[in-house]
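# Close look at the chain arrangement
For reference, the chains in residue letters:
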Amino acid sequence: MKNVKLFFGVLAVILFATASQSAMAQLQAPAPSPAGYVSQNVGFTKISVDYSSPAVKGRKVFGDLEKYGVTWRAGANGPTIIEFSTSVSIGGKNVGAGKYPVFITPQASGEWTIHLNSKGNSVFAYMKDGKIDEEAVAKDDVVSVKATPVMAADSMERLAYSVSAEDNKVAKVTMAWDKVRLSFMVDTQVSQKLEGFTSTLK
């Protein structure tokens, strides 16, 4: 009887240790660049941005970590994706409903370029000879817009996107990281959609 009790005692310890190891294997460390998501209804359109949020960690971000003149994925990990539930206008160009990867080309001075990619590609799909092929990136833009970065007094440790409804017709999409605030406008074409709806009633 004593041996039976000992056997079951040892078995219980082994099972507990195995279960603990399995639980530890399933428990992963927090992601260095956690996932972020923001959405806002503007006019008749839902605008969403799905991204990963890297941290400054005491580094010089733009001009060092993200080189000037080199197109960047506008986040971390996978592509940063913007989605429009209806067609919109950006920079005077019609952009259909759907999902688009966002890239940003920072510059040492003047305007930066914000790209919406037409192919659903990662920026790394444009690597050629160890560098981003900027011409190929531009060729696959569904739209690109120029924007002047605004330098804030305070540093934002983690990259974050926001979507402001503004006048509930034209939205402002903003990327904020470190001291940089970079925005572009999205016209949700409220008047055109209303006119289209009215014409169907006639």
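Not measured: the values here are computed from a predicted model. (Residues numbered from 1 in each chain as written. Predicted model: local features only at pLDDT ≥ 70, side-chain atom pairs only at ≥ 80, totals over all residues. Heavy atoms only, no water.)

### What about the pairing of strand 2 (residues 45-52)?
When a strand is regular, its side chains alternate between the sheet's two faces. Spelled out, the test is: Each residue is assigned to one of three classes by its accessible area relative to the maximum for its type, calculated with a 1.4 Å probe on protein chains only: buried under 20%, partly exposed between the two thresholds, exposed over 50%. What counts as a helix is a DSSP run of H or I of at least four residues, what counts as a strand is a run of E of at least two, and both are numbered from the N terminus. We treat two strands as partners when DSSP finds at least two bridges between them.
The buried count for strand 2 comes to six of eight residues, which makes it a mostly enclosed element. Pairing of strand 1 (residues 35-42) with strand 2, which is carried by eight bridges, proceeds in the antiparallel orientation. Bridge assignment links S39 to a residue of strand 2, and that residue is S48. Counting the residues between successive antiparallel strands, the hairpin from strand 1 to strand 2 contains two residues, one of them, G43, with a positive phi of roughly 60 degrees. In terms of strand pairing, strand 2 meets strand 3 (residues 80-84) through four bridges, oriented antiparallel. Bridging across to strand 3, I47 finds its partner in F84.

### Side note on empty space enclosed by the protein
This is how the line gets drawn: The method works on a 1 Å grid over the protein atoms by themselves. A cavity is a set of points holding a 1.4 Å probe that cannot get out, a pocket is an open set with protein on both sides within 12 Å along at least five of seven lines, and residues with an atom within 4 Å of a point line them. Grid points are joined across faces, edges and corners, and a volume is the space filled by probe spheres set on the points.
Taken as a whole, this structure holds one cavity of 30 Å³ or more when the rule is applied. Estimates place the volume of the largest cavity at around 50 Å³. Surrounding the largest cavity, V102, I104, I114, Y161, V173, T174, M175, L182 and F184 form its lining. Broken down by secondary-structure element, the contributors of at least two residues to the lining of the largest cavity are strand 6 (98-105) and strand 12 (170-187).

### Considerations on the side chain of H115
Quick note on the threshold: Contacts described as polar in this section are N or O atom pairs within 3.5 Å, which, within protein, must combine one atom able to donate a hydrogen with one able to accept it, while residues neighboring in sequence count only if both atoms come from side chains. The contact criterion used throughout is that any non-hydrogen atoms of two residues lie within 4.5 Å.
Structurally, H115 can be placed in strand 7 (residues 112-117). Within the structure, H115 has its side chain in polar contact with the side chain of D141 (distance 2.9 Å). In contact with H115, not counting residues within four places along its chain, are T71, P101, V102, F103, I104, T105, V137, D141, V143 and S144.

### With respect to the layout of surface pockets
Note the threshold: We call Asp, Glu, Lys and Arg charged. Ala, Val, Leu, Ile, Met, Phe, Trp, Tyr, Cys and Pro are nonpolar, and the rest, Gly among them, are polar.
Size it by volume and the largest pocket reaches roughly 280 Å³. Taken together, 14 residues form the lining of the largest pocket, with E66, V70, T71, F124 and I132 sitting closest to its centre. Its residues placed into classes, the lining of the largest pocket shows seven nonpolar, two polar and five charged. Quantified by volume, the second largest pocket comes out at close to 180 Å³. If you tally residues by element for the lining of the second largest pocket, the top one is strand 12, at three residues. Partitioned by chemical class, the residues of the lining of the second largest pocket number eight nonpolar, three polar and three charged.

### Quick look at the confidence of the model for the protein
Threshold: For every residue, the predictor assigns a confidence score, pLDDT, that lies between 0 and 100.
Averaged over every residue, the pLDDT of the protein is 90; the share at 70 or more is 87%. Predicted confidence for residues 10-15 stays below pLDDT 50, and this span has zero contacts to residues more than four positions away or in other chains.

### Concerning the sheet that holds strand 2
Quick reminder of the rule: A fitted line through C-alpha atoms serves as each axis, taken over the contacting stretch for helices, and the angle formed by two N-to-C directions is quoted from 0 to 180°.
Spatial strand order, 1-2-3-6-7-10: six strands in an open sheet with antiparallel pairing. Of all the strands in the sheet, just strand 1 and strand 10 (141-147) have a single pairing partner and so form its edges. Strand-to-strand, the axes of this sheet are offset by a mean angle of 20 degrees, without reference to chain direction.

### Thoughts on the pattern of salt bridges
Test applied: Salt bridges, as used here, are contacts in which a Lys or Arg side-chain nitrogen is within 4 Å of a carboxyl oxygen on Asp or Glu.
Summed over all chains, the structure comprises one salt bridge. A salt bridge links K119 to D140, with the shortest nitrogen-to-oxygen separation between them at 3.3 Å. Within this pair, whereas K119 is found in the loop between strand 7 and strand 8 (127-128), its partner D140 is found in the loop between helix 2 (134-139) and strand 10, the two being separated by 21 residues in sequence. Relative accessible area serves as the criterion here: at 55%, K119 is assigned to the exposed category.

### Quick word on the packing of aromatic side chains
The condition is simple: We call Phe, Tyr and Trp rings a pair once their centres come within 6.5 Å, taking the six-membered ring for Trp, and we label the pair stacked below 30 degrees between planes, edge-to-face above 60, and tilted otherwise.
All told, the structure shown has seven aromatic pairs when counted by the stated rule. Between F62 and W72, the aromatic rings sit 5.5 Å apart at their centres with planes inclined by 80 degrees, giving edge-to-face as the arrangement. Of the two residues, F62 is situated in the loop between strand 2 and strand 3 and W72 in the loop between strand 2 and strand 3; the sequence distance between them amounts to 10 residues. On the basis of relative accessible area, F62 is assigned to the buried category, the value being 6%. The exposure class of W72 is buried, given its relative accessible area of 3%. Look at F62 and W177: their rings are 6.0 Å apart centre to centre, the planes differ by 85 degrees, and that puts the pair in the edge-to-face class. Taken together, the residues span a long stretch of sequence, with F62 in the loop between strand 2 and strand 3 and W177 in strand 12 at a distance of 115 residues. Here F62 and W177 have matching classes, each one buried. A connected cluster of aromatic rings, assembled from ring pairs, spans F62, W72, W112 and W177.

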